[in-house]
Amino acid sequence: MHIVLTGGAGFIGSNFVKLVLRDRPDYRITNLDALTYSGNLENLSDIEHDERYTFVKGDVRDPKVLDAVLPDADAVVHMAAESHVDRSIMDSGPFVDTNTRGTQVLLDAWRRAGGNEKRFVYVSTDEVYGSLPLENPEIKFTESTPLDPSSPYSASKTGGDLLVNAYFHTFGMNVVTTRCSNNFGPYQFPEKVIPLFVTNLIEGKKVPLYGDGKNVRDWLHVDDHCEAILTVLEKGTAGQVYNIGGNNERSNLELTHSILEIMGFGEEMIQYVEDRLGHDRRYAIDASKIKNELGWGPSRSAWPAALESTVKWYVDNPQWWQRVKSGEYQSYYEKQYRSRT
Ligand code: NAD
Ligand code: DAU
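Report follows, based on the coordinates. If you're wondering where the values come from, they're calculated on a predicted model, not measured in any experiment.

The subject of this paragraph is the packing of helix 4 (residues 93–112) against helix 5 (residues 152–171). Put simply, helix 4 and helix 5 touch, their axes get as near as 7 Å, and they point 20° apart. Considering their axes alone, helix 4 and helix 5 lie roughly parallel with respect to each other. In the crossing of helix 4 with helix 5, the sense of the turn from one axis to the other is right-handed. Here F95, V96, N99, T100, T103, Q104, L107, D108 and R111 of helix 4 come into contact with helix 5, specifically with Y153, S156, K157, G159, G160, L163, V164, Y167 and F171.

With that out of the way, let us pick up the site of ligand 1. Neighbouring ligand 1 are 29 residues, the closest being D33, S38, S83, Y153 and K157. A34 places a main-chain nitrogen or oxygen 3.1 Å from a nitrogen atom of ligand 1. Protein coverage of the free-state accessible area of ligand 1, which is 830 Å², stands at 97%. Sorting the residues of the shell around ligand 1 by element identifies helix 1 (11–23), strand 5 (119–125), helix 5 and strand 7 (182–184) as the ones contributing at least two each. Take the shell around ligand 1: its biggest share by element is 3 residues, from strand 5. Considering only residue class, the shell around ligand 1 consists of 12 nonpolar, 13 polar and 4 charged.

On to the site of ligand 2, then. Taken together, 25 residues sit near ligand 2, with T125, D126, Y153, R276 and H279 positioned nearest. Here an oxygen atom of ligand 2 sits 2.6 Å away from a polar atom, N or O, in the side chain of Y153. Here an oxygen atom of ligand 2 and a side-chain polar atom of N182 are 2.8 Å apart. Broken down by secondary-structure element, the contributors of at least two residues to the shell around ligand 2 are helix 3 (85–90), helix 6 (193–202) and strand 8 (207–210). Of the residues in the shell around ligand 2, the class split is 10 nonpolar, 8 polar and 7 charged.

Pairing between side chains becomes possible if they bear opposite charge and their charged atoms approach one another. Inspection of every chain in the model, using the stated rule, returns 23 salt bridges. Of the charged contacts in the structure, one is a salt bridge between E42 and R323, with a shortest N-O distance of 2.7 Å. Note that E42 is positioned in the loop between strand 2 (28–33) and strand 3 (53–57) and R323 in helix 11 (residues 318–326), a separation of 281 residues in sequence. A relative accessible area of 14% places E42 in the buried class. In this structure, D97 and R101 form a salt bridge, with 2.7 Å as the shortest nitrogen-oxygen distance. Here D97 pairs with R101, and both are found in helix 4, just 4 residues apart, close to one helical turn. Taking the relative accessible area as the measure of exposure, R101 reaches 37% and is therefore partly exposed. Each of D59, R61, D97 and R101 takes part in one network of salt bridges that share partners.

Conventions adopted
Residues numbered from 1 in each chain as written. Chains lettered and ligands numbered in written order. Predicted model: local features only at pLDDT ≥ 70, side-chain atom pairs only at ≥ 80, totals over all residues. Heavy atoms only, no water. Axes fitted to C-alpha atoms, helices over the stretch in contact; angles between N-to-C directions. Helix = DSSP H or I, 4+ residues; strand = E, 2+ residues; numbered from the N terminus. Parallel < 35°, antiparallel > 145°, perpendicular 65-115°, else oblique. Left-handed = near helix turned anticlockwise from the far one by under 90°. Contact = heavy atoms within 4.5 Å. Near = heavy atom within 4 Å. Polar contact = N/O pair within 3.5 Å; in protein donor to acceptor, adjacent residues only side chain to side chain. Areas by Shrake-Rupley, 256 points an atom, 1.4 Å probe, with all protein chains shown as cover. Nonpolar A, V, L, I, M, F, W, Y, C, P; charged D, E, K, R; others polar. Salt bridge = Lys/Arg side-chain N within 4 Å of Asp/Glu carboxyl O. Buried < 20%, exposed > 50% of the residue type's maximum accessible area, 1.4 Å probe, protein only.

Right under this line is the structure:
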């Protein structure tokens, strides 16, 4: 099995590459990544010489690079995206261009490469369902919840979802879609709430909590997400959507208190700041379909242990996030790759 993974230099992608190399000795994986601000090849420095791994610097919006890479693939896992909601509020253009148009360019290239019958996994998000009220904790997103995205980020991901579904209906393409809740774990870009708060505290800075802190997210360890994607790639039914979640809902205030407690800080380190525009109130995933049909369930997300080990990873790896926060990681490609070609 030769997988072409898009976006493999990011948070989830780099963890996925390592999972595949570790758990599937007969698989090869090619990482196609444009190395935007969140793409960091240092995430993969420990496996970059593995002969089953190849890196290609390329953009999912570039048909030429796709036509060169895809014909040799048995499957595509499409993760490349602009991923941060706050950035999409500041400038939605790159989100529509990569997340929606990029998905269309990739789907067409996959057909040209003879991939119509072969597996295409689209890594979507629970944010395509929009926001749930806090008042009805029994309601969760199922795969038949109507799509109702509310941020430019989630709207642009929904564009990708709809195209993938359209290619199944129109061309019979062998597609599957995953919609996962919030991930946490090593190598997450420190603009996202957990690594931002942990690294701020290590630096002696306060943590900026949006609004009243009552917004709820359903937290899943990245290893569980990656295992679920692999399960869907191998066993999912064409044309189907699979929700992925940790059954682990926490308000941002609860999350913040847990981080403060683990790190030995008090309430005074919380700085309440202006709310995110259009801030979705609650996400909660019903993941019974993937459990009942494909046998997947989370095994590494239990709190507090999974949060503690994640905090510890950032405490133990200051060189990683300091280089990311200072922008130095962006020269890694030049040093390690361009010099070899
Ligand atoms: P990330 O921002 O850490 O990584 C994104 C990667 O995509 C980077 O390596 C970047 O260089 C690459 N990329 C961006 N634009 C590209 C383009 N035009 N061509 C090629 N590569 C490009 O994001 P992440 O958190 O790892 O998320 C990965 C995927 O998972 C995204 O599709 C996101 O929507 C989805 N997702 C994320 C979460 C989460 O909690 N982080 C949850 C559910 C779904
Ligand atoms: O649900 C899946 C989604 O989770 C993914 O599709 C996205 O790619 C990913 O970024 C994530 O989106 P969120 O917006 O939920 O994640 P973020 O880490 O940005 O914020 C989590 C919560 O914390 C959210 O309610 C906003 C709040 N927050 C965030 C930041 C960055 C704060 O209170 N302060 C902050 O500084």
